[in-house]
Each structure stands twice: as structure tokens, then as C-alpha cells.
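Summary of structural features
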Amino acid sequence: MSETTLVKGASLYGDRTADLLLRDGVIAEIGSISTPDGARIVDADGLIALPGLVDLHTHLREPGREDAETILTGSRAAAVGGYTAVLAMANTSPVTDTAEAAERVHDLGRAAGLVDVHPVGAVTGGLGGEELAELGLMHRSRARVSVFSDDGRCVADARVMRRALEYVKAFGGVVSQHAQDPSLAGPTSCCHEGELSGRLGLPGWPGIAEEVVVARDVMLARHTGSRVHVAHASTAGTVEVLRWAKSLGIEVTAEVTPHHLLLTTDLLAGYDPTYKVNPPLRPQEDVDALRAALADGTIDAVATDHAPHARHDKEHAFVDAAFGMLGLETALPVVASVMVSSGLMTWAEVARVMSSTPAAIAGLGSQGRPLEVGQPANLVLVDPAATLVVDRERSVSLSRNNPWHGRTLGASVVATFLRGRPTVLGGELTEP
Ligand SMILES: [Zn+2]
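Keep in mind that this is a model prediction, so the values were computed, not measured. (Residues numbered from 1 in each chain as written. Predicted model: local features only at pLDDT ≥ 70, side-chain atom pairs only at ≥ 80, totals over all residues. Heavy atoms only, no water.)

**Looking at the UniProt feature "binding site: Zn(2+) 1" (unreviewed entry) in the protein chain**
- Taken from the UniProt record, the annotation "binding site: Zn(2+) 1" (unreviewed entry) applies to His57, His59, Asp151 and Asp305. Their sequence span is 249 residues, while the largest C-alpha to C-alpha distance among them is just 9.8 Å; these annotated residues converge on one region.
- A residue is classified by how much of its surface remains accessible, and His59, at 5% relative accessible area, is buried.
- What His59 contacts, discounting residues up to four positions off in sequence, is Met89, Asn91, Asp151, Asp305, His306, Ala307 and Pro308.
- Mapping Asp151 onto the fold places it in the loop between β9 (147-148) and α4 (158-169).
- By relative accessible area, which is 3% here, Asp151 ends up buried.
- Excluding residues that lie within four positions of it along the chain, Asp151 makes contacts with His57, His59, Met89, Asn91, His178, His232 and Asp305.
- Looking at Asp151, its side chain comes within polar contact range of the side chain of His57, at 2.9 Å. (UniProt positions renumbered as here; feature names shortened; annotations may be inferred. Buried < 20%, exposed > 50% of the residue type's maximum accessible area, 1.4 Å probe, protein only. Contact = heavy atoms within 4.5 Å. Helix = DSSP H or I, 4+ residues; strand = E, 2+ residues; numbered from the N terminus. Polar contact = N/O pair within 3.5 Å; in protein donor to acceptor, adjacent residues only side chain to side chain.)

**A short note on the packing of helix α11 (residues 331-340) against helix α12 (residues 347-362)**
- In contact at an axis separation of 11 Å, α11 and α12 are set at 130° when each is read in the N-to-C sense. In this view, α11 runs oblique relative to α12, as classed from their interaxial angle. The crossing of α11 and α12 is right-handed. For the pair α11 and α12, the contacting residues are Ala331, Leu332, Val335, Ala336 and Val340 in the first and Trp347, Val350 and Met354 in the second.
- Per-class residue counts for the contact of α11 with α12 are eight nonpolar, no polar and no charged. (Axes fitted to C-alpha atoms, helices over the stretch in contact; angles between N-to-C directions. Parallel < 35°, antiparallel > 145°, perpendicular 65-115°, else oblique. Left-handed = near helix turned anticlockwise from the far one by under 90°. Nonpolar A, V, L, I, M, F, W, Y, C, P; charged D, E, K, R; others polar.)

**Focus on the sheet that holds strand β6 (residues 53-58)**
- As summarised here, the arrangement of the three strands in space is β6-β7-β8, forming an open sheet in which the pairing is parallel. Because the sheet does not close on itself, it has two edges, and the strands there are β6 and β8 (116-119). Within this sheet the neighbouring strands show an average axis-to-axis angle of 20°, counted without direction.
- Strand direction decides the pairing type here: strand β7 (residues 83-88) and β8, joined by four bridges, are parallel. When the sheet's bridge partners are listed, Ala88 is paired in β8 with Pro119. (Pairing = 2+ DSSP bridges.)

**So, the coordination of the zinc ion**
- Coordination sphere of the zinc ion, protein contribution only: Asp151 (OD), His178 (ND1) and His232 (NE2), at 1.9 to 2.2 Å.
- Mapped onto the sequence, the residues coordinating the zinc ion show the spacing D-x26-H-x53-H. Residue Asp151 is located in the loop between β9 and α4, and its partner His178 is located in the loop between β10 (174-177) and β11 (191-192); the two are separated by 27 residues in the primary sequence. (Donors = N, O, S within 2.8 Å, 3.2 Å for Na, K, Ca; no water.)

**Considerations on the pattern of salt bridges**
- Within this structure, the stated rule accounts for 19 salt bridges.
- For the salt bridge of Arg392 with Glu393, the shortest nitrogen-to-oxygen distance reads 3.9 Å.
- Each of Arg311, Arg392, Glu393 and Arg400 takes part in a single network of salt bridges with overlapping partners. (Salt bridge = Lys/Arg side-chain N within 4 Å of Asp/Glu carboxyl O.)

**A look at the UniProt feature "domain: Amidohydrolase-related" (unreviewed entry) in the protein chain**
- Feature annotation in UniProt places "domain: Amidohydrolase-related" (unreviewed entry) on residues 281-421, given in this structure's numbering.
- Regarding residues 281-421, the helix share stands at 30% and the strand share at 18%, and the terminal C-alpha atoms are separated by 38 Å.

Here you go:
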């Protein structure tokens with residue numbers, strides 16, 4: 001039986017107001033629409049409609065760490081955050097480095113049914129950095145893997161990176177790099193290297209460890225004619241390299257996380273492991289450069305790097321705690337607070353960096369589509385006037401490592417639709 005929903009009076013991209021009729025999984029009509037028999041009515045007065053969000057960088061922890069997150073609980077967090085598709089990173093246990101492993105993640109995502117879960121394939125077997133994983137087999141599997149990453153680790157060997165870029169070029173894939181030269185960033189590094197890390201006595205990562213790998217990789221992308229994607233760009237120097245590479249027409253894209261757009265390294269003064277993340281929080285000059293780069297298109301996308309951790313992995317002395325923060329449920333409110341309220345971006349531009357561009361980078365044909373008749377009914381309704389005091393205990397994630405706890409953020413996700421079916425209504429999941 002087909003399901004029909006009439007979304008009444010939404011502001012499309014924060015611009016013109018119209019009704020949207022969602023039927024048989026597509027946007028069937030846009031305009032002033034009278035209610036069809038049996039249709040669900042969603043009052044969207046004062047709400048902004050955007051295409052469903054697409055996250056290029058999510059850690060779902062299944063298989064291996066189902067105490068921190070599962071594909072189901074991560075899918076719930078994604079839906080609550082307004083996402084209709086996520087790319088699940090490969091650094092699970094076992095690693096997603098075979099067609100079989102990729103298909104398992106894909107199938108579990110389908111079974112959860114709340115967002116499209118696309119596995120990211122490892123670049124190298126076991127994230128070992130040496131031998132290429134089954135890139136072609138993963139792409140030809142029913143998971144249709146197109147994005148490859150050893151995220152969590154840098155593909156440090158230039159020869160391996162070159163081979164990976166050559167390999168994925170054959171089928172239009174992309175390598176997403178966690179750029180961090182291990183010879184410049186030691187194994188015990190745990191925060192930004194600077195005046196504060198010296199004072200706190202914590203071993204730091206210099207920004208240059210990221211920038212030299214980004215510079216190398218864009219040259220390799222130029223040489224191979226292939227596509228490289230910079231995961232979680234975090235420094236002003238990286239922005240400079242990206243701007244230069246794009247001016248030459250090199251096929252490079254980049255993402256920035258919500259936390260690198262708002263939080264700074266000063267937060268580490270209290271040694272709170274909640275703020276321990278890789279790449280680390282940087283100084284305000286870097287944050288300002290990242291915001292400007294996102295606004296002017298030098299950085300293409302916002303990606304969460306949602307990294308759930310069980311309490312017993314985070315509640316340690318700073319140097320021993322796990323790296324990472326939650327991100328899926330709060331990404332849109334953070335971007336609204338940092339980029340829209342400040343006037344740096346419009347809502348249409350938010351749709352570009354959080355939906356259409358990430359979908360294009362990942363090669364997802366049915367996600368990130370414009371709100372037009374005949375397009376898949378993947379969309380999110382946002383209340384731009386809402387203020388949200390983040391309470392980590394209200395999360396639907398299994399984990400609680402939320403850096404926004406207690407902060408007030410602007411805008412909230414009211415509803416999410418996946419192929420016309422509501423996954424979230426009134427800010428709550430439609431099923432428990
Ligand atoms: Zn990473």
C-alpha cells in the first residue's frame with residue numbers, strides 16, 4: 001500500500017513557501033496542494049525543507065564494538081540528525097576490507113532501514129598501510145563501495161597511495177585520506193602542538209603533519225588523474241593547499257567537521273577527554289580559516305566524524321582516553337549556529353555542503369537530489385528558530401561522548417523522510 005504525506009507550507013531551502021506531496025517514495029507534487037484522501041498531514045509552517053543530509057564520515061562501530069554503537073543505533077542517531085544516508089568507516093573489527101565484510105555492513109543498514117548505510121572500504125588490508133585491499137571486488141559487490149579510506153590511520157606510503165588512486169580511477173571511486181604524516185606526529189600525540197600543549201605537558205600534533213600529506217596527495221591525484229578526498233581538514237595551511245590545488249583543476253575535495261568549525265584547542269586546559277579528537281582541536285585562526293573555506297567552496301562538505309565511545313574508553317587520564325566525539329545528532333544545529341546565524345551561509349548553501357555535494361562525492365545517485373517533482377522524497381524539516389540546549393543523556397546513540405553537552409545551539413531537526421517514509425516526526429523517531 002502506498003504511503004502519502006502532505007507537507008504543508010514548508011519554506012524550500014529557506015526561500016519560497018510551498019506544499020510538498022510525498023507519494024510512492026518520490027516528491028509527486030510541489031505547490032498549493034489540497035489534501036488527498038488518506039494522506040498524513042505534516043504542518044511545516046515556519047519550517048525549512050532541505051534535501052536529506054548525507055554524511056561522508058561516520059563510525060558505526062559494528063562489527064566489533066557494539067557496546068559503543070551498532071548500525072541500528074547509529075542509524076537512529078543519523079535520522080534524528082536529519083540524515084538520509086551515511087558512509088560507515090572501515091576501521092571496525094574486523095576491518096571492512098573485503099566484499100563480504102562490505103556486504104554485511106550494507107545488509108545490516110538495510111535491515112535497520114532508517115538511513116542508507118554505505119560502507120566505506122579500507123584502502124589497505126587490515127588498515128596495515130601496505131597491501132591494497134579488495135578495492136575492485138568491494139566496488140562490484142552489492143554494497144557498491146565507491147569511497148575507500150584507512151581513516152583513523154594515514155595511508156602514509158606514497159607508493160601505496162598512488163596505486164590506490166590509480167585503482168579506484170577505473171571505476172570513478174575516491175580515496176578519503178586521514179592526512180597525518182606519522183613521522184611528524186608521534187604515536188603518543190594527543191592534542192594540537194602549540195603553546196598550550198607545552199604548558200599542559202601533552203605531546204602534540206603539529207598542523208604541518210596534516211598539510212604535508214594533503215600537499216603530497218593532491219600532487220598524486222594530479223599525476224594519476226584520480227580523485228582524492230581530504231577527511232576532516234583542520235588547519236589554515238590545509239585550506240591554502242586546497243585552494244592552490246583547486247586553482248590548478250586538481251580533482252580534490254575536502255570535508256570539515258562541525259567540531260573543527262566551532263571548538264578550539266583552549267578547551268583542553270581542563271584535561272577533559274571529551275575534547276580529545278583526531279585530528280585535534282586547533283586554535284581560533286584555524287577555525288576562522290575553515291569557516292571561510294567552507295563558505296567560499298574551498299572546503300566542499302561538512303562531515304561529522306561521528307565517533308562513539310563507551311564510557312570506559314573515554315573516562316581515563318587525557319593521554320590514555322580514546323579519540324573522538326559524537327556528531328550525527330548535532331551537526332545541523334552546529335552548522336546553523338556557526339554558518340547561518342552568522343550570515344556566512346544561506347540554507348541553500350547548507351544543503352550544498354551537507355547533502356548534494358557529499359552525495360556527489362560518494363557517487364550516490366538517489367541522495368542529495370534537489371527538492372523537485374519526481375525526485376526521491378529524501379528530505380529534512382528544520383526549525384530555524386528553535387534553540388536547543390544539548391543534553392547528552394537524551395541521545396539515541398549508545399555512547400555519551402558529546403562535546404556539545406550543556407551548550408545552546410540554534411535550529412533543530414523536526415522531521416526526516418527517507419523515500420517518503422517519516423523516520424523522525426516532531427523531533428522523535430517514528431519507531432522506538
Ligand atoms: Zn580520521
